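# Examination of the molecular architecture
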Amino acid sequence: MSCRRCVVLVPAPYQGHITPMLQLGGILQSRGFSIVVAHTEYNAPDPLNHSSFAFLPLPDEVAECDKAFSFTNVVNLLDTININCKLPFKDYLVQLMENVELHSRAHYSVIDLRSENCLPLPECQMEEPVPDFYPFKFRDMPVPLTNEISDKSCAIIWNTLDELEHHHLSIIMKDFHVPIFSIGPFHKMAPMSKTSLIEEDNNCIEWLDKQAPNSVLYVSLGSITSINEKELIETAWGLIGSEQPFLWVIRDNSVNGADFNPQLPDGFEEIIGERGCIVKWAPQKKVLGHSAVGGFWTHCGWNSTLESISEGVPMICRPDFGDQLINAKYVTDIWNVGLEMGSPVDRENVEKILMVGVEAKNMRKKAADMKHKVQNSVKEEGASFQCLNKLTEFISMLSS
Ligand code: UDX
């Protein structure tokens, strides 16, 4: 057995959580740690894409009917997994510790690694402003959380960068009495790796190669959010009205209750032929980094938000639940790199993002500034890189 310290990562079984956790694995591995990814059988990552990690499948006993996607199902599924996986995971850790004692005397520690964007919240006065957290009200906050995070963790790792959220991070630092490491965006700090649970359709890159710079609107609502048929049709009309080229991700389960091919407006096929491309799953980071992409119509999942900021792409925000609401507010009101999507889908907003005009120009400039901040942060002298040095030291100093 090697004497390298081992970090055990435990992602929640969804794309938006598995991706940053695998990226974090890549980052820590590049700093000399060996990586174990403990995961459920449900939505298991593919070990072949990460041959240098060890994978530990945990029997989750999730019933087939609980796998169908809905918000309630997610909550129930996570409860089931927490109960069913607890014992096998504990057994594994005990075994790991014993092996270490026997073979190498190296000390291993497991940190509760959290990469989600969350805060401790009081459960009252929803319309009141959150103190020291302008412009947010309590109702804007994601699901209420207690101080459980700081009570059970010896440190917290955040997939963000100090320059993006300096003020709020410093408040959080005071509230949680444990070290905080902001070492993001993970995908810019990590070696490139394949993290998608769904096969990426790379044909859209060839299609993008044929489009003019900054002309294409990329539309994707991440891996979980679904819309109803009415919104699907409104989106299609918004894209028709924008008169701009578009790349639209329609996942198999994108439309509520529709296993069938969703019905798009008459004549939409022709529009696609002229200036559209629809895929089931895109290589999103490549797409956002493509010079043809001028705007991102997004649900503001944290990964998508960071990926867009990292490439300087302005956003049209259509948040759905949880942290997406607060992320969208950051995008529109604090960083000023996006607009809220009106309901019904607002053609003017689409135009403002993509077309030439003072507002679009300003937004593009702000988005470019943010991209620059990200680039600086991940450089050797940058804040995220420096913070990673401290994290490496911190983990190395931990004893079991
Ligand atoms: C979930 C929650 O919904 C979100 O609120 C939370 O912040 C993270 O966990 P998800 O909805 O999937 O995530 O959104 P997001 O965080 O944006 O993650 C989606 C990931 O899938 C991104 O890394 C994105 O690059 C990738 N993706 C999405 C693709 O690779 N191709 C696609 O076509 C769409």
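Note that the coordinates shown come from a computational prediction; the quantities given were computed from them, not determined experimentally.

### What about the confidence of the model for the protein chain?
- Looking at the protein chain as a whole, its pLDDT mean stands at 85, while 83% of the residues score no less than 70.
- This stretch, residues 105-121, has a pLDDT under 50; its non-local contacts, to residues over four places away or in other chains, come to 69 contacts.

### Section: the nonpolar core
- If you look at the biggest cluster of nonpolar residues, it comprises 35 residues, and the most contacted ones within it are Leu208, Tyr218, Leu247, Val287 and Trp335.
- Apart from residues lying up to four places away in sequence, Tyr218 is in contact with Leu247, Val249, Ala282, Gln284, Val287, Leu288, Val293, Gly295, Phe296 and Trp297.
- Of all hydrophobic cores here, the second largest spans 26 residues; its members include Met21, Leu28, Ala155 and Phe394.

### Focus: the site of the ligand
- The environment of the ligand is made up of 21 residues, and the closest members are Ser223, Ala282, Ser304, Glu307 and Asp323.
- Within the contact set of the ligand, an oxygen atom lies 3.3 Å away from a side-chain nitrogen or oxygen of Gln284.
- Here an oxygen atom of the ligand sits 2.5 Å away from a polar atom, N or O, in the side chain of Asp323.
- Computed on the free molecule, the ligand has an accessible area of 660 Å², of which 96% lies beneath the protein chains in the complex.
- Contributing elements (two or more residues each) for the shell around the ligand: helix H1 (15-30), strand S6 (216-220), helix H10 (302-310) and helix H11 (323-334).
- In terms of residue count, the dominant contributor to the shell around the ligand is H10 (four residues).
- The residue inventory of the shell around the ligand, partitioned by class, reads seven nonpolar, 12 polar and two charged.
- Split by domain, the shell around the ligand shows at least three residues from each of two domains, domain 1 (1-106) and domain 2 (203-376).

### Re the domain arrangement of the protein chain
- Assigned domains of the protein chain: these are domain 1 (1-106) and domain 2 (203-376).
- Contacts between domain 1 and domain 2 engage eight residues on the former and six residues on the latter.
- The tally of links between domain 1 and domain 2 comes to one residue pair in polar contact (both at pLDDT 80 or more).
- Of the residues forming the side of domain 1 that touches domain 2, the biggest block, five residues, is contributed by H1.
- Its residues assigned to classes, the side of domain 1 that touches domain 2 shows four nonpolar, four polar and no charged.

### Here's the deal with empty space enclosed by the protein
- Under the counting rule described, the total for this entry stands at six cavities of 30 Å³ or more.
- Here the second largest cavity defines a volume of roughly 90 Å³.
- Lining the second largest cavity are Ser220, Leu221, Gly222, Thr225, Ile227, Leu232, Trp248, Val249, Ile250, Arg251 and Ser254.

### With respect to H11
- In this model, H11 (12 residues) spans 15 Å end to end at C-alpha, consistent with the 16 Å of a helix rising 1.5 Å per residue.
- All buried positions along H11 are accounted for by Gln324, Ile326, Asn327, Ala328, Tyr330, Val331 and Thr332.
- Tucked into the core, H11 has its buried residues touching helix H4 (162-175), H10, strand S10 (315-317) and strand S11 (338-340).
- One or two positions beyond H11, positive phi appears at Asn336, with a value near 55°.

### Let's talk about the environment of Ser182
- Structurally, Ser182 can be placed in strand S5 (residues 180-182).
- With 22 residues separating them in the primary sequence, Ser182 and Cys204 have C-alpha atoms 33 Å apart.
- The residues touching Ser182, leaving out its near neighbours within four places in the chain, are Trp158, Thr160, Asp162, Leu169, Ser384 and Cys387.

### Here we look at the pairing of strand S9 (residues 293-298)
- Burial analysis of S9 places six of its six residues in the buried class, the great majority of the element.
- Relative to S9, S6 is paired through five bridges, and the arrangement is parallel. In the strand pairing of S9, Tyr218 is matched with Phe296.
- Strand direction decides the pairing type here: S9 and S10, joined by three bridges, are parallel. Within the sheet, the bridge partner assigned to Trp297 lies in S10 and is Ile316.
- One crossover worth recording links S9 to the parallel S10 by way of H10, and it is right-handed.

### With respect to the sheet that holds strand S1 (residues 6-9)
- Pairing is parallel in the open sheet, where three strands are placed in the order S1-S2-S3. Across the chains shown, the open sheet's two edge strands, defined by having one partner strand only, are S1 and strand S3 (54-58). Between one strand axis and the next, the sheet turns through 20° on average, direction left out of account.

### Topic: the pattern of salt bridges
- Applying the stated criterion to the full structure yields eight salt bridges.
- Of the charged contacts, one joins Lys230 and Glu234 as a salt bridge, the two residues approaching to 3.7 Å between their closest N and O atoms. Remark: Glu234 and Lys230 occur in helix H7 (residues 229-242); sequence separation between them is four residues, near one turn of the helix.
- Here Asp320 makes a salt bridge to Arg318, at a shortest N to O gap of 4.0 Å.
- Classification of Asp320 as partly exposed rests on a relative accessible area of 33%.

The rules behind each value
Residues numbered from 1 in each chain as written. Predicted model: local features only at pLDDT ≥ 70, side-chain atom pairs only at ≥ 80, totals over all residues. Heavy atoms only, no water. pLDDT = per-residue confidence, 0-100. Contact = heavy atoms within 4.5 Å. Core = buried A, V, L, I, M, F, W, Y, C linked by side-chain atoms within 4.5 Å. Buried < 20%, exposed > 50% of the residue type's maximum accessible area, 1.4 Å probe, protein only. Near = heavy atom within 4 Å. Polar contact = N/O pair within 3.5 Å; in protein donor to acceptor, adjacent residues only side chain to side chain. Areas by Shrake-Rupley, 256 points an atom, 1.4 Å probe, with all protein chains shown as cover. Helix = DSSP H or I, 4+ residues; strand = E, 2+ residues; numbered from the N terminus. Nonpolar A, V, L, I, M, F, W, Y, C, P; charged D, E, K, R; others polar. Domains from an automatic or database assignment. 1 Å grid on protein atoms, 1.4 Å probe; cavity = no way out; pocket = protein on both sides within 12 Å on 5 of 7 lines; lining within 4 Å. Points joined across faces, edges and corners; volume = space filled by probe spheres on them. Expected span 1.5 Å × (residues − 1). Pairing = 2+ DSSP bridges. Right-handed = clockwise from strand over helix to strand, strands pointing away. Axes fitted to C-alpha atoms, helices over the stretch in contact; angles between N-to-C directions. Salt bridge = Lys/Arg side-chain N within 4 Å of Asp/Glu carboxyl O.

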